[in-house]
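Coordinate analysis (summary)
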Amino acid sequence: MSGLIHRGVGKEAMMRDREIHADKIASTVKRLCIEANTILGEDVISAYEKSLEAEESPVGKENFRQLLENATIAREEGIALCQDTGLAVVFVEMGQDVHVVGGDFNEAIHEGVRQGYKEGYLRASSLDPLTRKNMGDNTPAIIHVEMVKGNRIKIRLAPKGFGSENMSRVALFPPAVGIDGVKKFVIERVEEAGPNPCPPLVVGVGIGGTFEKAALIAKRSLLRPLGERHPDPVIAKLEAELLEEINKLGIGPLGLGGRITALDVHVETYPTHIASIPVAVNIQCHCDRHKEAVL
Ligand code: SF4
């Protein structure tokens with residue numbers, strides 16, 4: 001009897017488990033590198049169009065027209081949206097029933113980046129932080145893996161430019177600063193950044209966790225489509241309030257003055273320690289690039 005149960009469970013497990021070849025992962029990452037760098041998402045295009053209407057500054061309006069034209073040229077001619085094609089940040093949701101075969105999982109992602117940046121004529125920006133010697137092929141990718149249920153792999157690839165990454169910050173506050181202190185920190189970071197991160201921005205905010213968790217959820221929040229509010233009404237309200245305050249700063253598109261300094265603000269939270277409120281602000285420039293695939 002127990003043997004039958006054992007065989008039954010084994011069969012079920014066999015039906016659930018899936019093999020995914022490393023070459024498939026590499027070719028998918030290669031495609032995502034090229035698409036992310038040349039085809040802006042519909043949500044971003046739509047945010048530009050709405051901002052073109054909402055912006056009051058004539059210079060700001062002209063900037064939005066140019067951003068739209070730039071996106072069209074990049075898509076139609078298959079050329080990079082920006083000369084800074086970023087470091088390849090890769091978020092992976094790895095189904096726990098997936099078995100990667102035919103090669104090493106991390107190396108498959110690096111190989112995809114290597115091929116994508118070469119074949120897409122995308123700038124290789126990755127280098128040794130001390131010697132400043134260029135790696136030559138934009139590897140290694142920055143890989144974040146989360147194990148999830150199921151037998152699929154979801155890959156989300158976001159080339160991250162460093163004009164905006166350089167303006168990002170993490171801080172750990174005593175709990176007494178409260179939500180008002182968090183808001184003040186976020187708004188001051190955007191104000192301090194001024195024109196440097198190539199506005200209009202998407203501001204990713206991570207609140208809670210630990211030092212590194214706050215930064216990670218701030219970055220992951222940037223992958224959410226523009227205009228989509230957090231499902232928790234408290235967080236959604238905070239996002240809307242921050243967006244309104246940031247758009248009162250007057251920095252404007254490309255930092256030349258205007259109403260639209262940010263296209264959106266995304267906040268993610270995570271439980272934290274009783275003694276702290278970690279806050280990370282990850283700033284994304286107007287070149288808000290990311291693409292995803294499910295294997
Ligand atoms: S911050 Fe963004 S828009 Fe500015 S140069 Fe870098 S990738 Fe391009």
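About the cut-offs
- Residues numbered from 1 in each chain as written.
- Predicted model: local features only at pLDDT ≥ 70, side-chain atom pairs only at ≥ 80, totals over all residues.
- Heavy atoms only, no water.
- Pairing = 2+ DSSP bridges.
- Helix = DSSP H or I, 4+ residues; strand = E, 2+ residues; numbered from the N terminus.
- Axes fitted to C-alpha atoms, helices over the stretch in contact; angles between N-to-C directions.
- Contact = heavy atoms within 4.5 Å.
- pLDDT = per-residue confidence, 0-100.
- Buried < 20%, exposed > 50% of the residue type's maximum accessible area, 1.4 Å probe, protein only.
- Parallel < 35°, antiparallel > 145°, perpendicular 65-115°, else oblique.
- Left-handed = near helix turned anticlockwise from the far one by under 90°.

The pairing of strands in a sheet comes from backbone hydrogen bonds and takes either a parallel or an antiparallel form. Ordered in space as S4-S2-S5-S10, the four strands form an open sheet in which the pairing is mixed. Of all the strands in the sheet, the pair left with one neighbour each is strand S4 (142-148) and strand S10 (291-294). Shown here is a sheet whose adjacent strand axes are inclined to one another by a mean of 15 degrees, direction ignored. Judged from the seven bridges that link them, strand S2 (residues 87-95) and S4 form a sheet pairing that is parallel. Looking at the pairing, Val-92 lines up with Val-145 of S4. The sheet contacts of helix H2 (residues 22-38) involve strand S5 (153-160) and S10, and relative to S5 the element is tilted by about 40 degrees.

Glancing now at the confidence of the model for the chain. Here the chain shows a mean pLDDT of 95. Residues at 70 or above account for 95%. In the model, residues 1-9 has pLDDT below 50 throughout and makes zero contacts with residues more than four positions away in sequence or in other chains.

A regular strand carries its side chains on alternate faces of the sheet. Within strand S7 (residues 201-208), eight of the eight residues are buried, leaving the element largely enclosed by the surrounding structure. Here S7 runs beside strand S8 (residues 262-270); their pairing, made up of eight bridges, is parallel. When the bridges of S8 are listed, Ile-207 appears paired with Thr-269. Bridging between S7 and strand S9 (residues 277-284) involves six bridges; their strand directions are antiparallel. When the sheet's bridge partners are listed, Gly-206 is paired in S9 with Ala-280.

Pairing is mixed across the open sheet formed by four strands, whose spatial order is S6-S9-S7-S8. The open sheet has two edge strands, strand S6 (169-173) and S8, and neither has a second partner. Across the sheet, the mean angle separating the axes of adjacent strands is 15 degrees when strand polarity is ignored. Across the sheet, helix H8 (residues 211-221) is in contact with S6, S7, S8 and S9; its angle to S7 comes to roughly 145 degrees. Those strands touched by helix H9 (residues 233-246) are S7 and S8, and its axis lies near 145 degrees from that of S8.

For the pair H2 and helix H5 (residues 105-119), interaxial distance at closest approach is 7 Å and the crossing angle is 40 degrees. Taken together, the axis directions place H2 and H5 in an arrangement best described as oblique. Of the two elements, H2 crosses H5, and the hand of that crossing is right-handed. Contacts between H2 and H5 involve Ala-22, Ile-25, Ala-26, Val-29, Lys-30, Cys-33, Ile-34 and Asn-37 from the former and Phe-105, Ala-108, Ile-109, Glu-111, Gly-112, Val-113, Gln-115, Gly-116, Tyr-117 and Glu-119 from the latter.

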